[in-house]
Amino acid sequence: MAIGKSKAKIYVETNTGVTFADVAGVDEAKDELREVVDFLKSPTEYGRLGGRMPRGVLLVGPPGTGKTLLAKAVAGEAKVPFFSISGSEFVEMFVGVGAARVRDLFQQAHEKAPAIIFIDELDALGRARGIGPFAGGHDEKEQTLNQLLVELDGFDSRSGLVILSATNRPEILDPALLRAGRFDRQVLVDRPDKKGRIEILKVHMKKVHLAPEVDAEDVAALTPGFTGADLANLVNEAALLATRRNGEAVTMANFNNAIERMVAGLEKRNRLLNPKEREIVAFHEMGHALVALSLPGVDPVHKVSIIPRGVGALGYTLQRPTEDRFLLSISELKNRIAVLMGGRASEQLIFDGDVSTGAADDLQRATEIAIEMVTKYGMDANVGQRTYAPRPQAFLVTAQDAVVSAADITGREIDLAVRDLVEAGDVRARGILEAHRADLDKGAELLIARETLSAEDFAPLRPVDAQGQAAE
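Predicted, not measured: the structure shown is a model, and the values here were computed from it.

Rules used in this analysis
- Residues numbered from 1 in each chain as written.
- Predicted model: local features only at pLDDT ≥ 70, side-chain atom pairs only at ≥ 80, totals over all residues.
- Heavy atoms only, no water.
- Helix = DSSP H or I, 4+ residues; strand = E, 2+ residues; numbered from the N terminus.
- Expected span 1.5 Å × (residues − 1).
- Core = buried A, V, L, I, M, F, W, Y, C linked by side-chain atoms within 4.5 Å.
- Buried < 20%, exposed > 50% of the residue type's maximum accessible area, 1.4 Å probe, protein only.
- Contact = heavy atoms within 4.5 Å.
- Polar contact = N/O pair within 3.5 Å; in protein donor to acceptor, adjacent residues only side chain to side chain.
- Phe/Tyr/Trp six-rings, centres within 6.5 Å; stacked < 30°, edge-to-face > 60°.
- Lys NZ or Arg CZ within 6 Å of the ring centre and 35° of its normal.

Student: Help me understand helix 17 (residues 437-450) in this model?
Tutor: Think of an α-helix as turning once every 3.6 residues; residues three or four places apart then point the same way. In a regular helix each residue adds 1.5 Å, so 14 residues correspond to 20 Å; helix 17 covers 20 Å between its end C-alpha atoms and thus fits that length. Once helix 17 ends, the next one or two residues include Glu451, with phi positive near 75°.

Student: Teacher, can you tell me more about the nonpolar core here?
Tutor: Of all hydrophobic cores here, the largest spans 29 residues; its most connected members are Met286, Val291, Leu295, Leu433, Leu440, Leu447 and Phe458. Elements represented by at least two residues in this core include exactly helix 12 (275-294), strand 7 (301-305), helix 13 (330-350), helix 16 (408-435) and helix 17. Considering each element in turn, this core owes the most residues, nine residues, to helix 12. Sequence-distant contacts of Leu447, defined by excluding residues within four places in its chain, comprise Ala282, Glu285, Met286, Val304, Ser305, Ile306, Thr452 and Leu453. Listed in part, the 28 residues of the second largest apolar core include Val23, Val26, Ala78 and Val162.

Student: For this particular structure, what's the right way to read the side chain of Arg197?
Tutor: Here Arg197 shows up in helix 8 (residues 194-205). There is a polar contact of 3.1 Å between the side chain of Arg197 and the backbone oxygen of Thr223. In contact with Arg197, other than residues within four places in its own chain, are Pro192, Ala220, Thr223, Pro224, Gly225, Phe226, Leu231 and Asp324.

Student: Would you take a moment to explain the packing of aromatic side chains for this structure?
Tutor: The description of an aromatic ring pair rests on the distance of the ring centres and on the angle between the ring planes. Inspection of the entire model under this criterion finds two aromatic pairs. Relative to Phe118, the ring of Phe82 has its centre 5.9 Å away and its plane inclined at 20°; by these criteria the two rings are stacked. With a gap of 36 residues between them, Phe82 in strand 3 (residues 82-86) and Phe118 in strand 4 (residues 115-120) connect regions that are remote in the sequence. Here the aromatic rings of Phe283 and Phe351 are separated by 6.0 Å at their centres, their planes lie at 85°, and the arrangement is edge-to-face. Here the residue Phe283 occupies a position in helix 12, and Phe351 occupies one in the loop between helix 13 and helix 14 (360-375), the gap between them amounting to 68 residues. Note on Phe283: relative accessible area 8%, which makes it buried. The ring of Tyr388 is capped by Arg386, whose NZ or CZ atom sits 4.0 Å from the centre of that ring.

Right under this line is the structure:
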């Protein structure tokens, strides 16, 4: 009957090999979990004033932010047994096996208490009951979840057993899992800010041989939105690039190339474009770059290239933010739409309206921004300040409830408002490019000759704030 035994991997403190010193960029989450470590070290002392430790701690955050690493660090700091298992390992083809494994897991952990049980990817096991066409009381996943709920209720919080769990989809978890007395505490493990990225990069940069000019702060400034896993991959990619080119150390140029490879895709220099296509792509990308240079509050242009990258990109314009942003105003969103429409506007201007299919991705992204402005943020005066976007947890309810109620005439108003926002961005971009046709021609000619232009090459192409505002 070994099939009903838990498959949990048991690590003692010496095997995890991870402490809080190895986890960077998530200081708030570490502070929350220090309480858990103190409790595991002295469970009886911790409750001397009558308080009790949370029975379960749920680590929530996007993929790659270090949730599993944090759980291992808690075990490493507390020097206690660490039971690690994935939510999907409970479920087998035989009904009842999952519930038996849950019972066995908790029994093993009780015998070795104080200990930590870590369930990774809890959403594989703890999805809300009653969802889906075959939902019912005899479903294997439901039986397993019910047994987990019983075990969470049944163990004594003074026994020195702590349940840690991780998920990147908390909205689909069963409400019974999240109620007080089960997973009492949710700890957010979010994408790191610039300070956090610097700390994470320093941890990973210790493992590679760096050139003297490489500074973690400079690399962190170029990587907004990167998770801890992304940054680890970045350092590794830069080291591999330096190795392939027989370098003696990893240089800043290697980091720049690695970032472009991760953001834009792999260079495809063997994909040859005919001269006409090269000209179209060059004017398209210079259109983006010139509009971005002209408008205030837009992320500065770092590089423009007509070397094909990734799956379908024949060229790209790379913008890099100077700081982490958490709020965007109407004017900034309109500026972003104008920059995205700059490529199509350039083609219309240069080729007398004979536009190409190269703007497909730009149109998609511009439309998405406009739709969010109208339906989610209430930024259109005609449609009004109410939301028409589906709720984030729409897939928890029936399909009928997920549809936002709006009259047919309101739907038409939304469509018109979205179209007007995108058209206004196109008109604005075209006005800027018409006012600086000479700069556009010069930049495209330079781009065809060199294939790639960096920020320093844009110095002769002066910013045109005043004209850009007038073109609006």
